[in-house]
Amino acid sequence: MTAIKHALQRDIFTPNDERLLSIVNVCKAGKKKKNCFLCATVTTERPVQVRVVKVKKSDKGDFYKRQMAWELRDLAEVDAKDASKENPEFDLHFEKVYRWVASSTAEKNSFISCIWKLNQRYLRKKVEFVNVSSQLLEESVPSGESQSVAGGDEDALDDYQELNAREEQDIEGMMEVCEYAISNAEAFAEKLSRELQVLDGANIQSIMASEKQVNILMQLLDEALSEVDTIEGKLSSYEEMLQSVKEQMDQISQSNRLIQISNTNNGKLLDEIQFLVNYMDLSKGHIRALQDGDLSSPKGIEACINASEALLQCMNVALRPGHEKLMAVKQQQHLFTELRDTFARRLTNHLNNVFVHQGHDQSSTLSQHTADLTLPKHSPLHRDLLRYAKLMEWLKNTQREKYDGLSRTYVDYMTRLYEREIKDFFEVAKIKMAGTTKEGKGNKFGLHGSSGKLTGSTSSLNKLAVQGSSSRRSQSSSLLDMGNMSASDLDVADRTKFDKIFEQVLSELEPLCLAEQDFISKFFKLQQHPTLAQGEVESDGGVPSRQPPPGEHRHSMSLTEKDMVRLMMNKIFQSIETELNSLIALGDKIDSFHSLYMLVKMSHHVWTAQNVDPTSYLSTTLGNVLVTVKRNFDKCISGQIRQMEEVKISKKSKVGILPFVTGFEEFAELAETIFRNAERRGDLDKAYVKLIRAVFMNVEKVANESQKTPRDVVMMENFHHIFSTQSRLKISCLETERREAKHKYTDHLQSYVINSLGQPLEKLNHFFEGVEARVAQGVREEEVSYQLAFNKQELRKVIKEYPGKEVKKGLDNLYKKVDKHLCEEESLLQVVWHSMQDEFIRQYKHFEGLIGRCYPGSGITMEFTIGDMLEYFSSIAQSH
């Protein structure tokens, strides 16, 4: 075990600066016997680290390798399993429990004892020992002899130092000289002692021989010291001589420093004077322009602009600390203030006069525009005033009160001017609008407007109106007065003219408002950009100026400038919205269908204005008026629905195409013409759905109330007309209603044909109904002829009662009856007659089939053939 311990120390622990204190040969409990060694080690460097290292023999050779190591401070418990009996098993509790079996109990006890000692010395009794014999722990206490065994070994290890390579070579060389060193250590030691004594004697003799040389060295040192004293005396005299030179040089240096300070101060003073002269000096030409400059000529205005900008730069110069106390600066500032006030007063008075004169000049030209529906152009006024825009900006930045006063003066004069112009303009528009309906007043019909018949802008609408006039002369007076062709043409012309007048009004107002808003923004400088920097900024000329921080005055101004533009526009054009609403009310009073034209035009102009500037006065105002127009449009639709519900039909005449059905057709044709490519198509689609549902409901209502005309005829004719209208106009939002109209028309056509045709061969029908009843009861078809009531003789008797002549006479009466029921304008007589022909042929074929199946081989046939029937139907139709 000792050899193994030395081998492990040499091969594994010495290279890692560790000392091996104890070793135990172990294997894991309960497993295959694979031996390894647990070693207790300490490091040679401070602070000392104590470890438990697991060492295992390599599988590929006879050398050992380090497999695992644990710090002793991580050891929580040592369990020896049994304190009273010898037991080689023990457990070490690190992060988990490791169970070991030692090769012998003595090795286990020795290893545990070493761990206990290391715990006592380095860990201050941190590790807990369980099932360990107290005798074993007591023996480990360092006292007397046990101290030399327990602690002494470690102390000796603490003082132990290995030989280095050179010491090993010296010892080996000495041992080679004395071959007997190993066999006779005492003789070797005695020889070494004798050699040491010889060396000591030689050292003493050498020291005694060098005493003479030491005395000589001391003498030389004394001489050197005397030389040093001589040199120090000379240096002192030299220092005294240089002291006066030093004082003179200090005086010269002080004078130079004062001169330099004086030059620096003079330079700074010159810079300050140049700064004040450059930035606070206003030329005589500028002063003359501010005091007496001509504000009416272009050159004078340009000189005043340059002078005002120069004055503003001088007043906004960022003075340095102390400048305000200089008398010259105070005088200049006082001069600047007087010049500013004088020029601001001159500018304000001049612009007030310009506003007044321009207002009078514009009002004198109003008479030129009364005959034409146009508004006076103010571009000359704007062009003249925009020359003063930079001066207005200067006034805004220097004299805010005078700027606000000018703004109010301009608004007051322009409000009165625009109010007169707009009032006269709308009076002309109303006169022209009222003149369009003088000849057409009193024409009312169905779904039409309040004072004019609804007529489209195409010739097809006029034709429809003429076609429907003859069949509706017998209706009630409020719904039947179709008027003649000239009245219809007049309505078309009136609406077209109204549309042009309304478009002209909006087209005149739009550029007027946009131009005025643009002028206000430019002239009064109400669209300025916020300040770019905080504190001092440099202007184009490099002059430092004082500017307010962007988060304070200018930022708040940029927010209120938009409000100022809006307020000024609202004040100047306060009459526009009122006049527009008045004009819209007049147009709606003349003809409620004018709201369709107005809705399209107003929507287009609102859309255009919002694309230009969504926040502009024009966009806001037109948007408000559009709400009124949309409300009138909704009232128009509601009025048409109400008229449908109030329709009364004559009890003595046939119904035909209802007035509101024709009215819806004409409304749709007109609306499609007006709303082609319009922005508010959705409003029309909603109105279509409301109207068509009302038409459907009231057609059924009238059909149920009709006494002269059968219900199926009313439904068939009117829904056929609705279906034809929708198919022709192709209104996409009414596709569902178009299919529904077709379905209703088809159903009521079939119902009318069946009910009108009835049973033209009544006895024959009854006979074959009895035959079908027998077959249904279980009698075979070929055995029906043996039934007494349905034999061949009975069949021939019934057939003889319906010769071709009688059948033709019955069909002729039926044709006359159908012709009475149907109206002429829908032209459905031939359609109904053809459907009756098909139904009659179907019944004939049904009878022929029953004869063939129930009376086979009897040779019984009808008195007339299908060819005869076709000839009957054709001749009857041609004769009428």
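Only a predicted model underlies this, so the values are computations on that prediction, with no experimental measurement involved.

1. Concerning the overall build of the protein
Working step 1: Within the protein, the regular secondary structure consists of 29 helices and 10 strands.
Working step 2: Within the protein, buried positions represent 42% of all 880 residues.
Working step 3: Restricting to contacts in the protein with at least 6 residues of sequence separation, those with at least 24 account for 71%.
Working step 4: A total of about 49100 Å² of accessible surface is found on the protein, and carbon and sulfur atoms cover 51% of it.

2. Here we look at helix α19 (residues 594–612)
Working step 1: Between its first and last C-alpha atoms α19 spans 27 Å; for 19 residues at 1.5 Å apiece the expected length is 27 Å, and the two agree.
Working step 2: Those residues of α19 lying buried are His594, Ser595, Leu596, Tyr597, Met598, Leu599, Val600, Met602, Ser603, His605, Val606 and Ala609.

3. Some points on the pairing of strand β6 (residues 89–93)
Working step 1: Of all five residues that make up β6, four are buried, and the element is covered over most of its length.
Working step 2: Here strand β5 (residues 77–79) runs beside β6; their pairing, made up of three bridges, is antiparallel. By the bridge assignment for β6, Val78 is matched with Leu92.
Working step 3: Bridge analysis of β6 against strand β7 (residues 97–102) gives five bridges, and the strand direction is antiparallel. From the neighbouring strand, Asp91 faces β7, where its bridge partner is Arg99.
Working step 4: The hairpin turn running from β6 into β7, its antiparallel successor, is three residues long.

4. Quick look at the sheet that holds β6
Working step 1: Spatially, the eight strands line up as an open sheet ordered β4-β3-β2-β1-β7-β6-β5-β8, and their pairing is mixed. Pairing within the sheet leaves two strands with one partner each, and these edge strands are β4 (64–71) and β8 (128–130). Within this sheet the neighbouring strands show an average axis-to-axis angle of 30 degrees, counted without direction.
Working step 2: Two strands pair when backbone bridges link them, and strand β1 (residues 18–28) and strand β2 (residues 36–43) are joined in this way by eight bridges, in the antiparallel orientation.

5. Some details on the pattern of salt bridges
Working step 1: One pass over the structure, following the stated rule, counts 33 salt bridges.
Working step 2: In this structure, Glu669 engages Arg728 in a salt bridge whose closest nitrogen and oxygen atoms are separated by 2.6 Å. In this pair, Glu669 sits in helix α21 (residues 659–674) while Arg728 sits in helix α23 (residues 711–729), placing the two residues 59 residues apart along the sequence.
Working step 3: Between Glu783 and Arg780 there is a salt bridge, with the nearest N and O atoms lying 3.8 Å from each other.
Working step 4: One continuous salt-bridge network, built from bridges that share partners, spans Glu18, Arg51, Arg66, Glu71 and Arg73.

6. Re the UniProt feature "coiled-coil region" (unreviewed entry) in the protein
Working step 1: Summarizing the sequence annotation, UniProt attributes the feature "coiled-coil region" (unreviewed entry) to residues 221–255 in the numbering used throughout.
Working step 2: Strand forms 0% of residues 221–255 and helix 100%; the C-alpha atoms that close the span are 50 Å apart.

7. Structural notes on the environment of Thr746
Working step 1: Among the structural elements, Thr746 can be located in helix α24 (residues 735–757).
Working step 2: According to the relative accessible area criterion, Thr746 is partly exposed, its value standing at 40%.
Working step 3: With 31 residues separating them along the chain, Thr746 and Met715 place their C-alpha atoms 9.8 Å apart.

8. Re unusual backbone geometry
Working step 1: With an omega of -5 degrees, the peptide bond between Arg46 and Pro47 qualifies as cis.
Working step 2: Inspection of the secondary structure puts Pro47 in the loop between β2 and β3 (50–57).
Working step 3: Located in the positive-phi region is Lys525, a residue other than glycine, with phi close to 55 degrees.
Working step 4: You can see Lys525 is positioned in the loop between α16 (485–523) and β9 (536–538).

So, how was this worked out
Residues numbered from 1 in each chain as written. Predicted model: local features only at pLDDT ≥ 70, side-chain atom pairs only at ≥ 80, totals over all residues. Heavy atoms only, no water. Helix = DSSP H or I, 4+ residues; strand = E, 2+ residues; numbered from the N terminus. Buried < 20%, exposed > 50% of the residue type's maximum accessible area, 1.4 Å probe, protein only. Contact = heavy atoms within 4.5 Å. Areas by Shrake-Rupley, 256 points an atom, 1.4 Å probe, with all protein chains shown as cover. Expected span 1.5 Å × (residues − 1). Pairing = 2+ DSSP bridges. Axes fitted to C-alpha atoms, helices over the stretch in contact; angles between N-to-C directions. Salt bridge = Lys/Arg side-chain N within 4 Å of Asp/Glu carboxyl O. UniProt positions renumbered as here; feature names shortened; annotations may be inferred.

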